[in-house]
Amino acid sequence: MEVPVSGNRFVALGIIGAGAMAVVSGQFPPVSGFPMAQFLAHWWVFPASVVFATVALSSGVSGALFFSPFFMLVVGLTPSQAIGAGLLTEVFGMGNGLRSYVKQQVVDFQTAKWLLLGSVPAIIVGAFAAHYVDPTLLKLIFGAGLLLLGGFLVYYEAPENCEPGECEGEYLKAKNTGRGTTTVEATDGETFTYDTCWRTPGVALSTVGGFITGLISAGLPEIVTTQLIVRCRVPPRVAVATSVFVLGVTAIAGALVHALTATPVWYVVAWSIPGVLVGGAIGTRVGKYIPSDLMETGLGVVFGIVGAIVLGLELLV
């Protein structure tokens, strides 16, 4: 697969983005103290990021599920640094998909604003908590979270393949009825009309997902997409687009908090950001050739193994 010629621009954008985050945090090192050797020593983060982003975009899972454990176990960052770097990398990596969904006009903005009402404050709290929780405890939480998410990918059918509303139950069915309808008109002419969902559970679930994402950098898109389809009867295309929009806005808030509360590891994200931009361009092209069910099952096993390794290193060593 040929990498787009614009890859050099992606590299430049990644370095600029990482530097901008460091400037915002007020911790950008003086030019005279620039540790060029440390920066160049982490060149291998770039090809690894290309691979991670390609797999994530082609399979439809959150890229942060790859980057946070990679930064923690391989690069050697502290848990809070790894989680912050994972969120910042994800913000840049999902930009292309987010722009595409907005351009297609398949985002349910009315539902998204309610979900953001819970997720944005929650990710801020979770991001702050990640810097004050004991590192050992944070690793245990992170490992357990990976095990749960891995199990979710293995044992549950992808939400995109579910029948909207199939698991809402009689109580939720009654609550979701009589609240009017929502209509989303895509630019390609397709129109989606469905019952407007009961907002309270959605806000509560997005709050939980936002806090977990701030704490371990993953969880929000899995929770939001699943509940929109299974509980709210939202068509899969609209549910996925809305989830990506909510995650994009929420992750920006979380990444800023992490940057402001800790020393930014810009020498790592300067490689990971251009890596995900290049990998994203590749992943969107190869994804249609890979069976999504097989990919998600395999990734679920990988995440479960990584989660077990994280827990084992803390509990047994």
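Just above sits the structure.
Source: prediction; values computed, not measured. (Residues numbered from 1 in each chain as written. Predicted model: local features only at pLDDT ≥ 70, side-chain atom pairs only at ≥ 80, totals over all residues. Heavy atoms only, no water.)

A.B. asks: Lay out the layout of surface pockets with the relevant residues and their values.
C.D. replies: If you add up the space inside the second largest pocket, you get close to 380 Å³. Secondary-structure elements contributing two or more residues to the lining of the second largest pocket are helix H8 (135–155), helix H10 (199–216) and helix H11 (220–230). Looking at the lining of the second largest pocket residue by residue, the classes come out as eleven nonpolar, four polar and one charged. (1 Å grid on protein atoms, 1.4 Å probe; cavity = no way out; pocket = protein on both sides within 12 Å on 5 of 7 lines; lining within 4 Å. Points joined across faces, edges and corners; volume = space filled by probe spheres on them. Helix = DSSP H or I, 4+ residues; strand = E, 2+ residues; numbered from the N terminus. Nonpolar A, V, L, I, M, F, W, Y, C, P; charged D, E, K, R; others polar.)

A.B. asks: Lay out the pattern of salt bridges in plain terms, naming residues and giving numbers.
C.D. replies: Under the criterion given, the structure shown has two salt bridges. With its nearest N and O atoms 3.0 Å apart, the salt bridge here joins Asp188 to Arg237. One end of the pair, Asp188, is in the loop between strand E1 (181–185) and strand E2 (191–195); the other, Arg237, is in helix H12 (residues 236–261), and 49 residues separate them in sequence. Residue Glu190 pairs with Arg237 through a salt bridge whose shortest N-O separation is 2.9 Å. Residue Glu190 is located in the loop between E1 and E2, and its partner Arg237 is located in helix H12; the two are separated by 47 residues in the primary sequence. Where salt bridges share partners, they join Asp188, Glu190 and Arg237 into one cluster. (Salt bridge = Lys/Arg side-chain N within 4 Å of Asp/Glu carboxyl O.)

A.B. asks: Please set out empty space enclosed by the protein residue by residue, giving values where relevant.
C.D. replies: Enumeration over the complete set of coordinates arrives at two cavities of 30 Å³ or more. Considering only enclosed or pocket space, the second largest cavity measures out at about 50 Å³ in volume. For the second largest cavity, the full set of lining residues is Thr111, Trp114, Leu115, Cys197, Trp198, Arg199, Gly202, Val203, Gln227, Leu228, Arg231 and Cys232. Taken together, the elements giving at least two residues each to the lining of the second largest cavity come down to helix H7 (109–130), H10 and H11. Split into classes, the residues belonging to the lining of the second largest cavity amount to seven nonpolar, three polar and two charged.

A.B. asks: I'd love a proper account of the packing of helix H4 (residues 64–75) against helix H5 (residues 79–93), names of residues and values included.
C.D. replies: Each pair of packed helices can be described by the angle between their axes along with the distance between the axes. Axis separation between H4 and H5 bottoms out at 8 Å; the angle between their running directions is 145 degrees. H5 is crossed by H4, and the crossing has right-handed handedness. Contact residues: Ala64, Phe67, Ser68, Phe71 and Met72 in H4; Pro79, Ala82, Ile83, Ala85, Gly86, Thr89 and Glu90 in H5. Classifying every residue of the contact of H4 with H5 gives eight nonpolar, three polar and one charged. (Axes fitted to C-alpha atoms, helices over the stretch in contact; angles between N-to-C directions. Left-handed = near helix turned anticlockwise from the far one by under 90°. Contact = heavy atoms within 4.5 Å.)

A.B. asks: I'd like a description of the pairing of E2, backed by residues and values.
C.D. replies: By the bridge criterion, five bridges tie E1 to E2 in an arrangement that is antiparallel. Looking at the pairing, Thr182 lines up with Tyr194 of E2. A loop of five residues connects E1 with E2, the two strands running antiparallel in sequence, and Gly189 in this loop sits at a positive phi of about 100 degrees. (Pairing = 2+ DSSP bridges.)

A.B. asks: Tell me about the packing of H11 against H12, residues and numbers included.
C.D. replies: Direction vectors running N to C along H11 and H12 enclose 150 degrees, while the axes themselves pass 9 Å from each other. Relative to H12, the crossing made by H11 is right-handed. Residue-level contacts link Leu220, Pro221, Val224, Thr225, Leu228 and Ile229 of H11 to Pro236, Ala239, Val240, Thr242, Ser243, Val246, Leu247 and Thr250 of H12. Here the residues of the contact of H11 with H12 sort into ten nonpolar, four polar and no charged.

A.B. asks: If you had to explain a nonpolar patch on the surface to someone new, which residues and values would you point to?
C.D. replies: Residues Leu73, Val74, Val154, Val301, Ile305, Ile309 and Leu313 make up a contiguous nonpolar surface patch of about 560 Å² in total accessible area. Contributing elements (two or more residues each) for the nonpolar patch: H4 and helix H14 (292–315). With respect to the secondary-structure elements, Ile305 resides in helix H14. Of the residues examined, Ile305 reaches a relative accessible area of 48% and is grouped as partly exposed. (Patch = residues over 30% accessible without salt bridge, like charges linked within 9 Å, V, L, I, M, F, W, Y side chains within 5 Å. Areas by Shrake-Rupley, 256 points an atom, 1.4 Å probe, with all protein chains shown as cover. Buried < 20%, exposed > 50% of the residue type's maximum accessible area, 1.4 Å probe, protein only.)

A.B. asks: Help me get a handle on H4, residues and values and all.
C.D. replies: In terms of burial, H4 is largely enclosed, as ten of its twelve residues are buried. Among the residues of H4, those classed as buried are Ala64, Leu65, Phe66, Phe67, Ser68, Pro69, Phe70, Phe71, Met72 and Val75. After H4 finishes, the residue Gly76 shows a positive phi value of roughly 95 degrees.

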